[in-house]
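# Summary of the model geometry
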Amino acid sequence: MTVTTPASAGETRGLPSLGPEATALLRLLDDTFESWGVTAGARPMTMPPLLPAADLARLDYYDNFPHQAVVAAPLDLERRETSAFCTDTGCFPCDALEPAALGLPSASCYAVYLDHQGRRVADDTLVTVCSWCFRKETHYEGMRRQLGFRMREIVAIGAREHAETHLVDFTTRVQAFAEALDLPLRREAACDPFFDKGGSKALLQRLTPVKYEFLYEDLAIASVNTHRNFFGERCDITLASNGGPAFTSCVAFGLERWLSALTRRHGDWEAATQAVLDANARMRADVSVAAGPVI
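Heads up: these notes are all about the structure in this document. Sequence order as written defines residue numbering, which begins from 1 separately in each chain. With pLDDT at 70 or above as the cut-off, local features in this predicted model cover only qualifying residues; side-chain atom pairs require 80 or more to be listed or tallied, and sums for whole chains, interfaces and linings still use all residues. Side-chain descriptors were evaluated using all non-hydrogen atoms of the structure, hydrogens and water having been removed beforehand.

Let us now look at the packing of aromatic side chains. For this analysis, a ring pair means two rings from Phe, Tyr or Trp (six-membered ring only for Trp) whose centres lie within 6.5 Å, classed as stacked if their planes differ by under 30 degrees, edge-to-face if by over 60, and tilted for the remaining angles. Counted under the stated rule, the structure contains 15 aromatic pairs. Arranged with centres 5.1 Å apart and planes meeting at 80°, the rings of Phe230 and Phe231 form a pair that is edge-to-face. Of the residues examined, Phe231 reaches a relative accessible area of 1% and is grouped as buried. Grouped by ring-pair contacts, the aromatic residues Tyr61, Tyr62, Phe65, Tyr110, Tyr113, Phe230 and Phe231 constitute a single cluster. Distance and angle both matter: a charge sits over a ring if NZ of Lys or CZ of Arg is within 6 Å of the ring centre and within 35 degrees of the ring normal. The ring of Tyr212 carries the charged tip of Arg187 above its face, separated from the ring centre by 3.8 Å. Accessible area is worked out with a 1.4 Å probe on protein chains only. A residue is then buried under 20% of its type maximum, exposed over 50%, and partly exposed in between.

Rendered as structure tokens:
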């Protein structure tokens, strides 16, 4: 059985609302994923929902993800007098706006790299954030595909080994959690155009994928991503140990997509919530058994 509700106007535009039960489950999931990061040594941080478009452009965001890009612009107060809001289209005309100098990022980790630009970091730096993210889509569908959604990420910045180990460890954790949830996931290499298609890094990406997704049915609900030293070089993030560019990787969880997957699998909000509570308890018990008795 799947949780179904009548589609609201906001939902059809990719902006659905969540009721009390869905909100409670989303918070439970986010607390779960955040605790994984904190336990691993991540610093919880809060990032801004908007980023300078110039900074995103410097990271090739608008070259590699133009189909997802959403930008924001304030009203031009003088032109607004002659270019009023159009009730027929539901839009302000372009000439009523100032230049769009702000971007709404499609992933939480961009703000983390920009926050660390120009810094020297420890080889084993970890940060965890949950941010609103935005993606233009060809169509929107409930909690599966949204214009605005929340993404929890656990981001590794530091030495190459640290970035690589981060993904190995969290791949194991995601798979163990899915098994405890009785949520069958498959792991697949993704083909996001992260690097410029014509560059040497794009060729390397095709030979060695930089992103793996965890899918429930046809829906990607989590991913592990390696960026090698791309953000370290572009943002001038260097290692305190040797002064070289930092390597980065991240683990991402689309929270609303997890809600969709869990309710499809378990039937209703109550059963989905209980499945998460039981899975958390099972994973804590497994850690306790693995650690052995305290002497």
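Fitting a line to C-alpha atoms yields each axis, with helices limited to the stretch in contact; the angle taken between N-to-C directions then spans 0 to 180 degrees. The way it works is that DSSP assigns letters per residue, a run of H or I at least four long becomes a helix, a run of E at least two long becomes a strand, and they are numbered from the N terminus. Between helix 2 (residues 20–40) and helix 9 (residues 255–266), the shortest axis-to-axis distance is 10 Å and the interhelical angle comes to 115°. Considering the angle they form, helix 2 stands roughly perpendicular to helix 9. At the point where helix 2 passes helix 9, the crossing takes the right-handed sense. Residue-level inspection shows Ala22, Leu25, Leu26, Leu29, Asp30 and Phe33 of helix 2 in contact with helix 9, the latter providing Leu255, Glu256, Trp258, Leu259 and Leu262. Under the grouping applied here, Gly and all other residues not named as nonpolar or charged are polar, the nonpolar ones being Ala, Val, Leu, Ile, Met, Phe, Trp, Tyr, Cys and Pro and the charged ones Asp, Glu, Lys and Arg. For the contact of helix 2 with helix 9, the per-class residue count stands at 9 nonpolar, no polar and 2 charged. Every angle not falling under 35 degrees, over 145, or within 65 to 115 is termed oblique; those three ranges are roughly parallel, roughly antiparallel and roughly perpendicular. Take the far helix as the reference: if the near one is turned anticlockwise from it by less than a right angle, the crossing is left-handed, and if turned clockwise, right-handed. Contact criterion: two residues are considered in contact whenever any of their non-hydrogen atoms come within 4.5 Å of each other.

The nonpolar core is taken to be a set of buried Ala, Val, Leu, Ile, Met, Phe, Trp, Tyr and Cys residues, with the residues joined through side-chain atoms within 4.5 Å. Membership of the largest hydrophobic core comes to 38 residues, with the highest contact counts inside it found for Trp36, Phe177, Leu181, Phe253 and Trp258. Taken together, the elements giving at least two residues each to this core come down to helix 2, strand 7 (148–158), helix 6 (160–180), strand 9 (211–216), strand 10 (219–228), strand 12 (247–254), helix 9 and helix 10 (269–291). Contacts of Trp36, omitting those with residues within four sequence positions, involve Ile154, Phe170, Arg173, Val174, Phe177, Phe253 and Met283. By size, the runner-up hydrophobic cluster in this structure holds 29 residues, among which are Leu56, Leu59, Tyr110 and Phe149.

Across the 10 residues of strand 10, 10 count as buried, placing the element largely inside the fold. Pairs of strands are assigned from DSSP output, requiring at least two bridges between the strands. In terms of strand pairing, strand 9 meets strand 10 through 6 bridges, oriented antiparallel. By the bridge assignment, Glu213 is partnered in strand 10 with Ser223.

By way of backbone hydrogen bonds, the strands of a sheet pair with one another, either parallel or antiparallel. Strand order in the open sheet formed by 7 strands is 1-6-7-12-10-9-8, and the pairing between neighbours is mixed. Looking along the sheet, the strands with just one partner apiece sit at the ends: strand 1 (43–44) and strand 8 (186–189). Relative to strand 9, strand 8 is paired through 4 bridges, and the arrangement is antiparallel. Paired with Arg187 across the strands is Phe214, a residue of strand 9. Those strands touched by helix 2 are strand 1, strand 6 (124–134), strand 7 and strand 12, and its axis lies near 5° from that of strand 7.

Below, the discussion takes up helix 2. To estimate the expected span of a helix, subtract one from its residue number and multiply by 1.5 Å. Over its 21 residues, helix 2 extends 30 Å from the first C-alpha to the last, a length consistent with the 30 Å expected when each residue adds 1.5 Å. Residues of helix 2 that are buried include every one of Ala22, Leu25, Leu26, Leu28, Leu29, Asp30, Thr32, Phe33, Trp36 and Gly37, and no others. Of the residues trailing helix 2, Gly41 is marked for its positive phi of about 110°.

Any link to function would need more than the numbers given here.
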